[in-house]
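What the coordinates show
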Amino acid sequence: QQQVKQSPQSLIVQKGGISIINCAYENTAFDYFPWYQQFPGKGPALLIAIRPDVSEKKEGRFTISFNKSAKQFSLHIMDSQPGDSATYFCAASLAGNTPLVFGKGTRLSVIA
Amino acid sequence: EPEVTQTPSHQVTQMGQEVILRCVPISNHLYFYWYRQILGQKVEFLVSFYNNEISEKSEIFDDQFSVERPDGSNFTLKIRSTKLEDSAMYFCASSYYGTAYEQYFGPGTRLTVT
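Residues numbered from 1 in each chain as written. Chains lettered and ligands numbered in written order. Predicted model: local features only at pLDDT ≥ 70, side-chain atom pairs only at ≥ 80, totals over all residues. Heavy atoms only, no water.

1. What to know about the overall build of chain B
Applied cut-off: Numbered from the N terminus, helices here are DSSP runs of H or I no shorter than four residues, and strands are runs of E no shorter than two. Restricting the calculation to C-alpha atoms gives the radius of gyration, and the globule rule supplies 2.2 Å times the number of residues raised to the power 0.38. Per-residue accessibility, obtained with a 1.4 Å probe over protein chains only, is compared with the maximum for each type, and a residue is labelled buried under 20%, exposed over 50%, and partly exposed between these values. Should any heavy atoms of two residues lie within 4.5 Å, those residues are counted as being in contact.
Helix and strand content of chain B: zero helices and eleven strands. Reading chain B from its N terminus to its C terminus gives the helix and strand order β-β-β-β-β-β-β-β-β-β-β. Radius of gyration (C-alpha) of chain B: 13 Å, near the 13 Å computed for a compact globule of 114 residues. A buried classification covers 44% of the 114 residues belonging to chain B. Across chain B, the fraction of contacts at a sequence separation of at least 24, relative to all contacts at a separation of at least 6, is 54%.

2. Looking at the environment of A:F89
Along the chain, A:F89 falls in strand β9 (residues 86-92). In this structure the C-alpha to C-alpha distance between A:F89 and A:Y36, which are 53 residues apart in sequence, comes to 5.1 Å.

3. Points about a nonpolar patch on the surface
All names here are of chain B. Rule in force here: Like charges are joined within 9 Å and nonpolar side chains (Val, Leu, Ile, Met, Phe, Trp, Tyr) within 5 Å, but only among residues with over 30% relative accessible area and no salt bridge; these make up the patches. Computed with a 1.4 Å probe, the accessible areas rest on the Shrake-Rupley method; for each residue, only the protein chains presented here act as cover. Each salt bridge in this description consists of a side-chain nitrogen of Lys or Arg and a carboxyl oxygen of Asp or Glu lying within 4 Å of one another.
Together, L30, Y50, Y96 and Y97 make up an exposed nonpolar region whose accessible area comes to about 360 Å². Along the chain, the position of Y96 falls in the loop between β9 (88-95) and β10 (104-105). Take Y96: its relative accessible area is 34%, and that puts it in the partly exposed class.

4. Topic: the environment of A:S80
All names here are of chain A. Here S80 shows up in the loop between β8 (72-77) and β9. Considered as a pair, S80 and G17 are 63 residues apart in the sequence and their alpha carbons are 5.4 Å apart. Apart from residues no more than four positions distant in its own chain, S80 is found in contact with V13, Q14, K15, G16, G17, I18, S19, R61 and V110.

5. Quick word on the packing of aromatic side chains
Using the following cut-off: Only Phe, Tyr and Trp rings are paired, with Trp represented by its six-membered ring, and only when their centres lie within 6.5 Å; those with planes under 30 degrees apart are stacked, over 60 edge-to-face, the remainder tilted.
All told, the structure shown has 23 aromatic pairs over all chains when counted by the stated rule. Summarising the aromatic geometry, the rings of A:Y32 and B:Y101 are spaced 5.4 Å apart at their centres and angled 90° between planes, so their arrangement reads as edge-to-face. Residue A:Y32 is found in the loop between β3 (19-25) and β4 (33-38), and its partner B:Y101 is found in the loop between β9 and β10; the two belong to separate chains. The two residues A:Y32 and B:Y101 agree in class, both being buried. Connected via pairs of aromatic rings, a cluster forms that spans A:Y36, A:F89, A:F102, B:Y33, B:Y35, B:F45, B:F91 and B:F105.

6. Details of the interface of chain A and chain B
The test is simple: Each of two parts loses accessible area, computed with a 1.4 Å probe, when they are put together; buried area is these two losses added. Definition of a polar contact: a pair of N or O atoms within 3.5 Å, with one able to donate and the other able to accept a hydrogen when the atoms are protein atoms, and with sequence-neighbouring residues admitted only if both atoms are side-chain atoms. Each residue gets one label: Ala, Val, Leu, Ile, Met, Phe, Trp, Tyr, Cys and Pro are nonpolar, Asp, Glu, Lys and Arg are charged, and the others, such as Gly, are polar.
Listed per partner, the contact involves 20 residues of chain A and 24 residues of chain B. Looking at the side of chain A facing chain B, the largest losses of area belong to A:N97, A:P99 and A:F102, adding up to 35% of the total buried there. Our enumeration of links across chain A and chain B arrives at zero salt bridges. Taken together, chain A and chain B are joined by eight residue pairs in polar contact (both at pLDDT 80 or more). Split by residue class, the side of chain A that touches chain B holds nine nonpolar, seven polar and four charged.

7. Section: the sheet that holds strand β6 (residues 56-59) of chain A
All names here are of chain A. This is how it is decided: Should DSSP find at least two bridges between two strands, the strands are taken to pair. Geometry is summarised by axes, namely lines fitted to C-alpha atoms with helices restricted to the contacting stretch, and by angles between N-to-C directions that run from 0 to 180 degrees.
Here five strands make up an open sheet; going across it, the order is β1-β3-β8-β7-β6 and the pairing antiparallel. For this open sheet the edge positions go to β1 (4-7) and β6, each flanked by a neighbour on one side alone. Neighbour to neighbour, the strand axes of the sheet diverge by 15° on average, direction disregarded. Bridge analysis of β1 against β3 gives four bridges, and the strand direction is antiparallel. Of the residues in β3, the one forming a bridge with V4 is Y25.

The following block contains the structure:
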């Protein structure tokens, strides 16, 4: 019930392409869905987040699509660049300042 | 831009020893968290702290662990008697309050137990 399932485990995308990472959750009480980017040896950095009252949020090249009925959300990285190569984690939490439940991560490699 | 800081960046300790990991959260944040990440695995929640007391803890956070806010800026995680399986990256995070749910993570402390 508390799990967040993330796929794919790894992803290779050509420079300029679109990277798509998907997450699914079971707990309908989840109220906040962030994505984090992590480079090797660094802490997770908040990338973009969404609440369930909207179906899409865009910030620059990064877009979250949210499907409440399917209990799924995804991260789209447009015009992917080699500098985007990192591990991406989706997460979810209940309302308020509550613990994040993380997915297992997706290792993205953007090749020229 | 304000950021969460953590010290040390790397701690090596022998099994059975006590370690204290230190964090300085973002100054106006009120909620503090510890997470850990075993090499190559997902980030897991350990404990959250608000108003000078634990607000939530996971099953990982057993009697060997404790947290403290010894002064107005530091937030510490103590492991009393380290085990080999405690080897991991430990991340501190902080968030504001109310509808600002964003949690900001520090760079982590790599704990190696030998």
